[in-house]
Amino acid sequence: MKTILKTPSRIHFGILDMKGDLKRMYGSVGVALSDPRTIIEVSDANDFQVFGEERAPLYAKRVRNYFKIKRGMNIRVVESIPPHVGLGSGTQLSLGIGYAMLKHVGMEVPIERLAKVLGRGKRSGIGIYSFKHGGLIIDGGIKDDELPILISRYEFPEDWLFVIGIPNIEEGISGKEEDISLRNLTKKLREENRCTCETFRVLFLELIPSLMEKDIQGFGEAITRLEREVGRMFSYVQGGIFRSPLIEKGVEFLLENGAYGAGQSSWGPAFYGLTDKDSYQKLADRLRDFLRKHGGGEVIVSRANNIGAHVITI
């Protein structure tokens, strides 16, 4: 018997409130992507072995020990999202391995419980709910030690596409470095008593209505504006609205070449432009030329994923 699981990646449009002076902290918005993706295969075996990704054995052993799985199995990471580029690789890899293992042995465990076991969702719920539901996700942040609460999930139009650039520059921050940066940012915002309300105004009065009306131009303008508001908030710790001058130049390049909207995903270095089924190829080709002239990199074209992770047993 073999269990095969495919997960989405995600674009993280941003954390909405780093000030954290209300009952909840953070809050975030993002969209699940069909590509890149993570593919996990679990098959019967006499021993317990994990192949294909250096982080995979840690996640597999944690799930095996916590849920007391005794059966032998081979766990293979067939395909994975590039790590530390802003597309959510860690959450999808850990949940993908854990969920595939549990499905393989016939255990039904809620995604939220699995996420807690694996230490995911400490700040944002976009990765967790992208895995569970797909689509455009808005979470309401965390309270105490709870997972971020899901506020809403929307279907994303199939004919809207993202052209994503991953330049050959330093990877985005994670782990302890990220924790320190976020603590410093919260301290700074509280000291200045700075209002972070503009992000919510753009989200609820521009971005969501445009999505519901399938107005790609309005939605693109909204994500561009939202990204800049989030970037201003994060400029204290990332040095500017975007994490590097090259990302800023790339975002402007996409907008100048026809993208309806553009921004940086999470800490980057991935940046993206929103386009449509008639224009994506030209925009992707131009972005490849741009990256070649600026040190190289990878271009990915993706539709949204509206179903979340998909698992089959054969």
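None of the values given here were measured: they were computed from a predicted structure.

Trainee: Even after reading the chapter, I still don't get helix α9 (residues 280-293), so can you show me in this structure?
Mentor: Given 3.6 residues per helical turn, the α-helix brings residues three or four places apart onto the same face. Between its first and last C-alpha atoms α9 spans 20 Å; for 14 residues at 1.5 Å apiece the expected length is 20 Å, and the two agree. Those residues of α9 hidden inside the fold are in contact with β7 (160-167), α8 (245-256), β9 (271-276) and β10 (297-303).

Trainee: Would you explain the packing of aromatic side chains in this entry?
Mentor: What characterises a pair of aromatic rings is the spacing of the ring centres plus the angle enclosed by the ring planes. Within this structure, the stated rule accounts for eleven aromatic pairs. Summarising the aromatic geometry, the rings of Phe156 and Phe219 are spaced 5.5 Å apart at their centres and angled 75° between planes, so their arrangement reads as edge-to-face. Of the two residues, Phe156 is situated in the loop between β6 (150-154) and β7 and Phe219 in helix α7 (residues 216-238); the sequence distance between them amounts to 63 residues. When sorted by exposure, Phe156 lands in the same class as Phe219, which is buried. Ring geometry for Phe234 against Trp267: centres 5.5 Å apart, planes inclined by 80°, an arrangement best described as edge-to-face. Placement of Phe234 in helix α7 and of Trp267 in the loop between β8 (261-264) and β9 is noted, with a sequence separation of 33 residues between them. Stacked on the ring of Phe48, the Lys or Arg Arg64 has its end atom at 4.3 Å from the ring centre. Against the face of Phe51 rests Arg76, its NZ or CZ located 4.7 Å from the ring centre.

Trainee: Could you clarify how one ought to interpret the pairing of β8 in this entry?
Mentor: Within a regular strand, the side chains alternate between the two sheet faces. On β8, burial covers both faces: Gly261 and Gly263 on one face and Ala262 and Gln264 on the other are all buried. Hairpin remark: β8 followed by β9, antiparallel, with six residues in the connecting loop; positive phi at Ser266, about 55°.

Trainee: Sorry, what's going on with the packing of helix α5 (residues 175-192) against α7 here?
Mentor: The relative placement of two packed helices is expressed as an angle between their axes plus a distance between the axes. Between α5 and α7, whose axes approach to 9 Å, the crossing angle comes to 120°. By the criterion of interaxial angle, the relationship of α5 to α7 is oblique. Between α5 and α7 the crossing geometry is right-handed. Here Ser181, Leu182, Leu185, Lys188, Leu189 and Glu192 of α5 lie close against α7, whose contacting residues are Met233, Phe234, Tyr236 and Val237.

Trainee: Sorry if this is basic, but what is going on with the sheet that holds β7 here?
Mentor: Sheet strands pair via backbone hydrogen bonds, and the direction of the pair is either parallel or antiparallel. Taken in spatial order, the four strands line up as β8-β9-β7-β10 in an open sheet, and their pairing is antiparallel. Two strands in the sheet have a free side with no partner beyond their single neighbour: β8 and β10. For this sheet, the mean angle separating the axes of adjacent strands, direction not counted, is 20°. Where β7 and β9 come together, six bridges link them in antiparallel fashion. Along β9, the bridge assignment pairs Leu161 with Thr275. Most of the contacts of α7 go to β8, to which it runs at about 25°, and overall it touches β7, β8 and β9.

Rules behind the numbers
Residues numbered from 1 in each chain as written. Predicted model: local features only at pLDDT ≥ 70, side-chain atom pairs only at ≥ 80, totals over all residues. Heavy atoms only, no water. Helix = DSSP H or I, 4+ residues; strand = E, 2+ residues; numbered from the N terminus. Expected span 1.5 Å × (residues − 1). Contact = heavy atoms within 4.5 Å. Phe/Tyr/Trp six-rings, centres within 6.5 Å; stacked < 30°, edge-to-face > 60°. Buried < 20%, exposed > 50% of the residue type's maximum accessible area, 1.4 Å probe, protein only. Lys NZ or Arg CZ within 6 Å of the ring centre and 35° of its normal. Pairing = 2+ DSSP bridges. Axes fitted to C-alpha atoms, helices over the stretch in contact; angles between N-to-C directions. Parallel < 35°, antiparallel > 145°, perpendicular 65-115°, else oblique. Left-handed = near helix turned anticlockwise from the far one by under 90°.

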